[in-house]
Amino acid sequence: QVQPVESGGGLVQPGGSLRLSCAASIRISLINTMAWYRQAPGKQRELVATLTSAGTTDYKDSVKGRFTISTDNARNTVYLQMNSLKPEDTAVYYCKITLPFRRTEYWGQGTQVTVSS
């Protein structure tokens, strides 16, 4: 089974940091791509960061230099390290992994990140 589970969200003040985790329940080596999305109330879901099996990364312009996507292969986990958080980063963050067969996508349930004073 492939059941991504996000954790690590919470309330943080502007300028603070959080590290989100996505437990993939599958070996990272079997995954084509991993990605983090977010969705704020009343807004469309947007792509925040991607990591390919080749190790390449890409980020939404507004988070470049602040967010980092990475993996811990031994733990079958993908992370999103978020630094210098801003109120506009407030959203539900979702992990998505894509497997090679039929490029099947699996989504986590989401974790809430709130950046506020």
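Residues numbered from 1 in each chain as written. Predicted model: local features only at pLDDT ≥ 70, side-chain atom pairs only at ≥ 80, totals over all residues. Heavy atoms only, no water.

Describing the environment of asparagine 73
Following the sequence through the fold, asparagine 73 ends up in the loop between strand 7 (67-72) and strand 8 (77-82). Considered as a pair, asparagine 73 and proline 14 are 59 residues apart in the sequence and their alpha carbons are 31 Å apart. (Helix = DSSP H or I, 4+ residues; strand = E, 2+ residues; numbered from the N terminus.)

Examining the pattern of salt bridges
This structure, assessed with the given rule, holds seven salt bridges. Its salt-bridge partner being arginine 38, residue aspartate 89 comes within 3.0 Å of it at the nearest N-O pair. One end of the pair, aspartate 89, is in the loop between strand 8 and strand 9 (91-98); the other, arginine 38, is in strand 4 (residues 33-39), and 51 residues separate them in sequence. Residue aspartate 89 shares its accessibility class with arginine 38, and that shared class is buried. The partner of arginine 75 in a salt bridge is aspartate 72, with the nearest N and O atoms 3.4 Å apart. Using a relative accessible area of 60% as the deciding quantity, one classes arginine 75 as exposed. By relative accessible area, aspartate 72 is classed as partly exposed at 23%. Each of Arg38, Glu46, Lys60, Arg66 and Asp89 takes part in salt bridges that share partners, so that together they form one network. (Salt bridge = Lys/Arg side-chain N within 4 Å of Asp/Glu carboxyl O. Buried < 20%, exposed > 50% of the residue type's maximum accessible area, 1.4 Å probe, protein only.)

Some remarks on the side chain of lysine 96
Turning to its location among the elements, lysine 96 is positioned in strand 9. Among the polar contacts listed, one links the side chain of lysine 96 to the side chain of tyrosine 37, at a separation of 3.1 Å. Here lysine 96 is in contact with Thr33, Met34, Ala35, Tyr37, Glu105, Tyr106 and Trp107, once residues within four sequence places are set aside. (Polar contact = N/O pair within 3.5 Å; in protein donor to acceptor, adjacent residues only side chain to side chain. Contact = heavy atoms within 4.5 Å.)

Here's the deal with the pairing of strand 3 (residues 18-23)
The sheet contact formed by strand 1 (residues 5-7) and strand 3 spans three bridges and is antiparallel. Directly across from valine 5, in strand 3, lies its bridge partner alanine 23. Bridge analysis of strand 3 against strand 8 gives six bridges, and the strand direction is antiparallel. Looking at the pairing, cysteine 22 lines up with valine 78 of strand 8. (Pairing = 2+ DSSP bridges.)

Some words on the state of the cysteines
Scanning the model with the defined rule gives one disulfide in all. Note that cysteine 22 is cross-linked by a disulfide to cysteine 95, the S-S spacing being 2.1 Å. On the S-S bond that ties cysteine 22 to cysteine 95, the torsion sits near -75°, and the link is left-handed. In this pair, cysteine 22 is assigned in strand 3 and cysteine 95 in strand 9, connecting sequence segments 73 residues apart. Of the two residues examined, cysteine 22 and cysteine 95, each falls in the buried class. (Disulfide = S-S within 2.5 Å.)

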